[in-house]
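Understanding the architecture of this molecule
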Amino acid sequence: LKGRKKAESVVDKVSMARPGDELAAQYGDVGSGKPKGRRAGVVLHPTSLPGAHGAGDLGPSAYEFIDWLGDAGMKAWQVLPLVPPERMFWSPYAGQNANSGNVLLISLELLQEDGLLLEDEVPAKVPVKGKVDFASVAESKEPLR
């Protein structure tokens, strides 16, 4: 009975917490063990974000997403592998090279903003209709390498 009352007390304190609030010291305490120090996050590959060139990248949408995560009280963004994907299914888990990054994740907007791309060098936007057409995204962005 003593343990149950302690658990109910912790539940009461936790249920009043809002995203971003500091949690009660007892939160995550599993008895005689150490507290777990829990935190919440999201798993999302950057290509799932909106993007002007057919898929999300590490540009303005990624920064907006990070701001949203912070506002929502999240502490982690697991991005999945960021290596160049294989070209049949475009899976980030079947990368071509573990020692290089995916050039499709480079933000053309930020390159232009930094003066590294001129306006006439930026390829035309690639509209997204349902699923991302990674071959079209690559065709648009890769000539800039």
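What counts and how
Residues numbered from 1 in each chain as written. Predicted model: local features only at pLDDT ≥ 70, side-chain atom pairs only at ≥ 80, totals over all residues. Heavy atoms only, no water. Helix = DSSP H or I, 4+ residues; strand = E, 2+ residues; numbered from the N terminus. Buried < 20%, exposed > 50% of the residue type's maximum accessible area, 1.4 Å probe, protein only. Phe/Tyr/Trp six-rings, centres within 6.5 Å; stacked < 30°, edge-to-face > 60°. Salt bridge = Lys/Arg side-chain N within 4 Å of Asp/Glu carboxyl O. Contact = heavy atoms within 4.5 Å. Expected span 1.5 Å × (residues − 1). Arc of directions from axis to C-beta.

Let us look at unusual backbone geometry. Peptide bonds are, in most cases, trans, and in most cases residues other than glycine have a negative phi. Of note, Leu80 is a non-glycine position whose phi angle comes to about 70°, a positive value. When you line up the elements, Leu80 lands in the loop between strand S2 (76-78) and helix H3 (108-113). Note on Leu80: relative accessible area 22%, which makes it partly exposed. Of note in the backbone geometry, Trp90 takes a positive phi value of approximately 60° without being a glycine. Considering the arrangement of structural elements, one finds Trp90 in the loop between S2 and H3.

For the rest of this paragraph, the subject is the packing of aromatic side chains. Per the counting criterion, the structure on display carries three aromatic pairs. Here Phe65 and Trp68 contribute two aromatic rings whose centre-to-centre distance is 5.9 Å and whose plane-to-plane angle is 20°, an arrangement assigned as stacked. Within this pair, Phe65 and its partner Trp68 are both found in helix H2 (residues 60-71), separated by three residues, close to a single helical turn. What makes Phe65 buried here is its relative accessible area of 13%. According to the relative accessible area criterion, Trp68 is partly exposed, its value standing at 48%. With centroids separated by 5.9 Å and ring planes inclined at 20°, the aromatic side chains of Trp90 and Phe134 adopt a geometry described as stacked. Linking Trp90 in the loop between S2 and H3 with Phe134 in helix H4 (residues 134-141), this pair joins segments that are 44 residues apart in sequence. Judged by its relative accessible area of 15%, Trp90 is buried. An aromatic cluster is present here, built from Phe65, Trp68 and Trp77 joined pairwise through their rings.

As a further point, take the pattern of salt bridges. Two side chains that carry opposite charge are able to pair once their charged atoms sit near each other. Tallied over the full model, the rule gives two salt bridges. Here Lys141 makes a salt bridge to Asp57, at a shortest N to O gap of 3.2 Å. Pair noted here: Lys141 is in helix H4 and Asp57 is in the loop between strand S1 (41-43) and H2, with a separation of 84 residues, a long-range link. We note that Lys141, like Asp57, is buried. In this structure, Glu142 engages Arg87 in a salt bridge whose closest nitrogen and oxygen atoms are separated by 2.4 Å. Residue Glu142 is located in the segment after H4, and its partner Arg87 is located in the loop between S2 and H3; the two are separated by 55 residues in the primary sequence.

The next thing to look at is the side chain of His53. Mapping His53 onto the fold places it in the loop between S1 and H2. Beyond its immediate stretch of four places on either side in the chain, His53 contacts Leu108, Glu109, Val122, Pro123, Ala124, Lys125, Val126, Val137, Ser140 and Lys141.

What follows covers H2. A rise of 1.5 Å per residue sets the reference length of H2, with its twelve residues, at 16 Å; its end C-alpha atoms lie 17 Å apart and thus fit the reference within 8%. Inspection of H2 places Ser61, Ala62, Phe65 and Leu69 among the buried residues, and these make up the whole buried set. Seen from one end, H2 has its buried residues packed into an arc of 100°, which puts them on one side. Exposed residues on H2 whose side chains face more than 90 degrees from its buried face are Tyr63, Glu64, Asp67 and Asp71. Packed against the buried residues of H2 are S1 and S2. One or two positions beyond H2, positive phi appears at Gly73, with a value near 85°.

Fair warning: the whole summary comes from geometry, so function is off the table for now.
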